Amino acid sequence: MAGSADRDWDAVTALARMPGAAAIRPLFDADPDRAGRFTHTACDLRVDLSKTSVTDAVRDALLALARARGVLAARDAMAEGERVNATEDRAVLHMALRGPRGAFRTGEEDASAAVHGTLDAMRAFCTRIRAEGRFTDVVNVGIGGSDLGPQMAVRALWREGMPMRAHFLSNVDGHAWEAMRHRLDPARTLVLVASKTFTTAETMANAHLLRDWLGESRRNQLVALSTNLKATAAFGVPGDQVFGFKDWVGGRFSLWSAVGLSIALACGWDVFAELLAGARSMDEHFLSAREEESLPLLMALTEVWHVNGLGYPTRAVLPYDERLARLPAHLQQVEMESLGKRVTMDGAPVARATGPVVFGEPGTNAQHSFMQLLHQGTTPVPADILLVARPDHGFEENHRQLLANGLAQAEALLRGRDAEEVRAEMEAAGMDAARVAALLPHRLFPGDRPSTTILVERLTPAVLGQIVALYEHKVFCLGALWGVDAFDQWGVELGKQLAGAILPELSPGAEPREHDGSTAALIAAIQRLRGG
Ligand code: F6P
């Protein structure tokens, strides 16, 4: 298998080295039906991959690579509860979190039974809290996957009139709590401590702040969302206010689990249930589609073409919907924590680049920030552009402008602007020949810059679930293609350990340990500035 996969990698890179391999415009000229042939639909998503330089030959080579790498077999192993997260010796079953009863097992364990037990308890809790009408606000204390997913979803789905306001406290920086606490009344606030491990230093520091803020008499306003039931009990959370999940739920894939309780409390149970149902419909697509129809796989292969074929090391995520403002941040974790790996499953150095840097902002804000680089910078940055046809507000003109801008960015990246066009425009504006010559190079757009457009009719909870699950499965496919463990995150450990070691050195009068010269000098300077 490895030998054949190597040949298939070579076939992809050989195509990428061919002259004009990165050109996109000629592909449209040569094929009037290109948009149709490279647009795919699944669930409620329409994904247009035509504004990339993937040709039929490239797609065939990429699909051959996917077959040689056994991506669909790996998918099935994940769905069957095998321990595909090898370095942590764990199954990967976030699909069970939104799957039907009885659908997923791992070894002897009925994974779905555990999931539905928790969902039933969460639902009952939400119903009780709503009926009591005592709480107006919920604070989710958590970081990484215990923050980004729920925060992104609440930002996308919360509307005025929904059951509670949600707040997200993630950073250990006390300024975050300082800014938040003035808006909250402890008598009317539920506090969720979301932490898979219940040991994350930042979360525990904030959890202590919040526990103190609530005071001894309000312990029953403290809720824990965790796999570590011993630690939640030690922290003093009443047992019936702990919602558990299993170690086969990765932090960055946990918004569908008990970690999503803030979504259910703030937006209402039905919204949360619809979010899960949307993700489930994408799971069903992923589990049943053949390679050439699998949206997650096709998006993953397009990324392989960009990263490994054409050498583009970054990707932008541009949701043209303010409600999706935190989607780029969530995808940063989902993608970069999963795919930022330099060794394969068996510990050998990877033979080629893995996960790209992912960044983004909602459009149109991004246009007034970093889009300059996407249009005229030296290295192309493939962009995912998300468009929602129908808004949930009545400001039609604004929405038309928003859509026009999203479409225009993708068009501009593709078509660029050549010298003839730029010269004609400057001459028409009355510029003299010397000025035209001087400005011409600055005003050219190379074009042929790739983008993928994801179009939906409305941003419903189900559609949000589909979008997020699509990216999760794309990450899975990329992990299988690159042969890395997409479900561990050892790279975050060293910094955590060193922070723990430095912490006591920042106490007044503490003796510094041995560090590199820069770190030692910075610790000394901080001590001086803090009067320690
Ligand atoms: O530091 C990385 C990480 O382990 C993430 O993978 C995780 O989402 C985050 O920290 C929070 O972890 P926990 O939910 O255990 O507090």
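Residues numbered from 1 in each chain as written. Predicted model: local features only at pLDDT ≥ 70, side-chain atom pairs only at ≥ 80, totals over all residues. Heavy atoms only, no water.

**Some points on the packing of aromatic side chains**
As enumerated under the stated definition, the model contains eight aromatic pairs in all. Taking NZ or CZ as reference, arginine 34 lies 4.2 Å from the ring centre of phenylalanine 38, over its face. Across from the ring centre of phenylalanine 235, 4.3 Å away, lies the NZ or CZ of arginine 211, which sits over that ring. (Phe/Tyr/Trp six-rings, centres within 6.5 Å; stacked < 30°, edge-to-face > 60°. Lys NZ or Arg CZ within 6 Å of the ring centre and 35° of its normal.)

**Quick word on the pattern of salt bridges**
It is possible for side chains bearing opposite charge to pair when their charged atoms get close. Tallied over the full model, the rule gives 41 salt bridges. Measuring nitrogen to oxygen at the nearest pair gives 3.0 Å for the salt bridge that ties aspartate 137 to arginine 165. Remark: arginine 165 occurs in strand 6 (residues 165-169) and aspartate 137 occurs in strand 5 (residues 137-141); sequence separation between them is 28 residues. Judged by relative accessible area, aspartate 137 falls into the buried class, the value being 2%. A relative accessible area of 45% means that arginine 165 is categorised as partly exposed. Across the salt bridge formed by glutamate 421 and arginine 415, the nearest N and O atoms sit 3.8 Å from each other. (Salt bridge = Lys/Arg side-chain N within 4 Å of Asp/Glu carboxyl O. Helix = DSSP H or I, 4+ residues; strand = E, 2+ residues; numbered from the N terminus. Buried < 20%, exposed > 50% of the residue type's maximum accessible area, 1.4 Å probe, protein only.)

**Side note on the domain arrangement of the protein chain**
Domain annotation of the protein chain identifies domain 1 (2-17 + 40-69 + 291-387 + 462-488), domain 2 (90-276), domain 3 (416-448) and domain 4 (492-529). Using C-alpha coordinates to define each centre, domain 1 is positioned 38 Å away from domain 4. (Domains from an automatic or database assignment.)

**Re the sheet that holds strand 1 (residues 39-42)**
Taken together, six strands build an open sheet; the order of strands is 1-2-13-12-10-11 and the sheet is mixed. Strands at the two margins of the open sheet, each flanked by one partner only, are strand 1 and strand 11 (357-360). Between one strand axis and the next, the sheet turns by 20° as a mean value, whatever way the strands run. (Pairing = 2+ DSSP bridges. Axes fitted to C-alpha atoms, helices over the stretch in contact; angles between N-to-C directions.)

**A look at the layout of surface pockets**
For the largest pocket, the calculated volume is near 1200 Å³. Residue lining of the largest pocket: 42 residues in total, with Ile143, Thr197, Thr200, Val492 and Lys496 positioned closest to the centre. Secondary-structure elements contributing two or more residues to the lining of the largest pocket are helix 9 (201-214), helix 14 (327-339) and helix 20 (493-502). For the lining of the largest pocket, the leading source of residues is helix 20, giving five residues. Classifying every residue of the lining of the largest pocket gives 17 nonpolar, 15 polar and 10 charged. As a volume, the second largest pocket reaches approximately 620 Å³. Forming the walls of the second largest pocket are 30 residues, and the residues nearest its centre are Arg69, Met345, Ala480, Gly483 and Val484. Contributions of two or more residues to the lining of the second largest pocket are made by helix 1 (2-17), helix 5 (71-79) and helix 19 (461-482). (1 Å grid on protein atoms, 1.4 Å probe; cavity = no way out; pocket = protein on both sides within 12 Å on 5 of 7 lines; lining within 4 Å. Points joined across faces, edges and corners; volume = space filled by probe spheres on them. Nonpolar A, V, L, I, M, F, W, Y, C, P; charged D, E, K, R; others polar.)

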